[in-house]
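Listed below are the residues making up each chain.
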Amino acid sequence: MSRLFAALLTCVAAAALATGAAFGIVAALDATPEQQNVPLVTFPDPPTHGPSSTPGPGAGQFAPGQAG
C-alpha cells in the first residue's frame, strides 16, 4: 500500500509542478513589454508626377543569340 501511495503522491506532485510551471511561463510572457514596430529599412516615396520610371515591355531582355 505504501508504494501505491508513493506513486500517487509522485503523480500529484508532478502534475502540480507542471501546472505551476505553465502558469509561471504565461505570467513571464505577459510581463515582458511589447516590442515597437519600427521598420529597419525605409524607401523614399516614388514620384507622383511625370513619366513613369518603369521600363516598358521587353526592357532588359537580350536579343536571340546574345549572352548576358
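Residues numbered from 1 in each chain as written. Predicted model: local features only at pLDDT ≥ 70, side-chain atom pairs only at ≥ 80, totals over all residues. Heavy atoms only, no water.

Chemist: Provide a residue-level description of the overall build of the chain, including the pertinent values.
Modeler: Counting secondary structure elements, the chain contains one helix and zero strands. Here the chain displays about 6800 Å² of accessible surface, and carbon together with sulfur accounts for 67% of that area. (Helix = DSSP H or I, 4+ residues; strand = E, 2+ residues; numbered from the N terminus. Areas by Shrake-Rupley, 256 points an atom, 1.4 Å probe, with all protein chains shown as cover.)

Chemist: An account of the UniProt feature "signal peptide" (unreviewed entry) in the chain is needed here, citing residue identities and associated values.
Modeler: In the numbering used here, UniProt assigns the "signal peptide" (unreviewed entry) feature to residues 1-21. The span residues 1-21 carries 95% helix and 0% strand; its end-to-end C-alpha distance comes to 30 Å. (UniProt positions renumbered as here; feature names shortened; annotations may be inferred.)

Chemist: Outline a nonpolar patch on the surface, supporting the account with residue identities and numerical values.
Modeler: Residues Leu40, Val41 and Phe43 make up a contiguous nonpolar surface patch of about 440 Å² in total accessible area. Its place among the elements puts Val41 in the segment after helix 1 (2-31). (Patch = residues over 30% accessible without salt bridge, like charges linked within 9 Å, V, L, I, M, F, W, Y side chains within 5 Å. Salt bridge = Lys/Arg side-chain N within 4 Å of Asp/Glu carboxyl O.)

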